[in-house]
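Listed here are the chains, written in short residue letters.
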Amino acid sequence: LHSDEPGTLSWFNTQVYPHLKDGHADGDVGPFVACPTINSGGIGVYCENGDGQITSVVINGGELSGTLPTLLGKMAIVWIDLGNNNIGGTIPTEIGAWTSIEVFWMSGNTLSGSLPTEIGTWTSIVNFNVPDNALSGTLPTEIGPWALLVNFEVYNNALAGTLPTEIGAWTSIVEFNVYNNALSGPLPS
């Protein structure tokens, strides 16, 4: 794919971004976008609240390349699934501004760097899935308050250090997969 074709994050920045005003869709933004009405199936960018505010980005296996735009932080994202693409770079700290995020799915990309501490502000997160990337650093202690978390998958990365004791507060957790990292210490209780 060339950088300006649908399926690249450059395309998102050049074709979708100009039609956004503070994270709201403004007019026709191309074949991946269904705003202000929701398209109930398939991949795309969706607005669920009727005012053009983008709430879901679902493009799993869409051959996306590039880096995550900081613009994502201006959206009211509830569900993001950009798994199984070729997205690299770091996870932008701006996404810590999401107040209603429930699903963060970025598995099977080439993301690198640390998990931003700003994601610790997410109080609605249920599914956090970033395995099969190149993430490094430690698990931030700020993720301890994720009381609704059911699924936490960070396996096959380069994370290191001890498991934060703060995650012992996760009472809803069902799936906890951290293997193939350099994490150590007991499971917090």
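Placed above this text is the structure.
This is a predicted model, so every value here is computed, not measured.

Reading the values: rules and limits
Residues numbered from 1 in each chain as written. Predicted model: local features only at pLDDT ≥ 70, side-chain atom pairs only at ≥ 80, totals over all residues. Heavy atoms only, no water. Helix = DSSP H or I, 4+ residues; strand = E, 2+ residues; numbered from the N terminus. Contact = heavy atoms within 4.5 Å. Areas by Shrake-Rupley, 256 points an atom, 1.4 Å probe, with all protein chains shown as cover. Pairing = 2+ DSSP bridges. Axes fitted to C-alpha atoms, helices over the stretch in contact; angles between N-to-C directions. Core = buried A, V, L, I, M, F, W, Y, C linked by side-chain atoms within 4.5 Å. Buried < 20%, exposed > 50% of the residue type's maximum accessible area, 1.4 Å probe, protein only.

Scanning the protein from terminus to terminus reveals 1 helix and 16 strands. Intrachain contacts of the protein at a sequence separation of at least 6 include 40% that bridge at least 24 residues. Taken as a whole, the protein presents about 8,500 Å² of accessible surface, with 53% of it coming from carbon and sulfur.

Within a sheet, neighbouring strands are paired by backbone hydrogen bonds and run either parallel or antiparallel to one another. The strand order across the open sheet formed by 6 strands is β6-β8-β10-β12-β14-β16, and the pairing between neighbours is parallel. Only two strands of the sheet have a single neighbouring strand rather than two, namely β6 (65-67) and β16 (182-184). Neighbour-to-neighbour, the strand axes of the sheet open up by a mean angle of 20°, direction not taken into account. As judged from the 2 bridges shared by strand β10 (residues 110-113) and strand β12 (residues 134-137), these two strands associate in the parallel manner. Counted as the bridge partner of G113 is L135 from β12.

Before going further, it helps to examine the nonpolar core. Membership of the largest hydrophobic core comes to 38 residues, with the highest contact counts inside it found for I80, F104, W122, F128, W146 and F152. Those residues in contact with F128 that lie beyond four places of it in its chain are F104, L115, I119, W122, W146, L149, N151, F152, E153 and V154.

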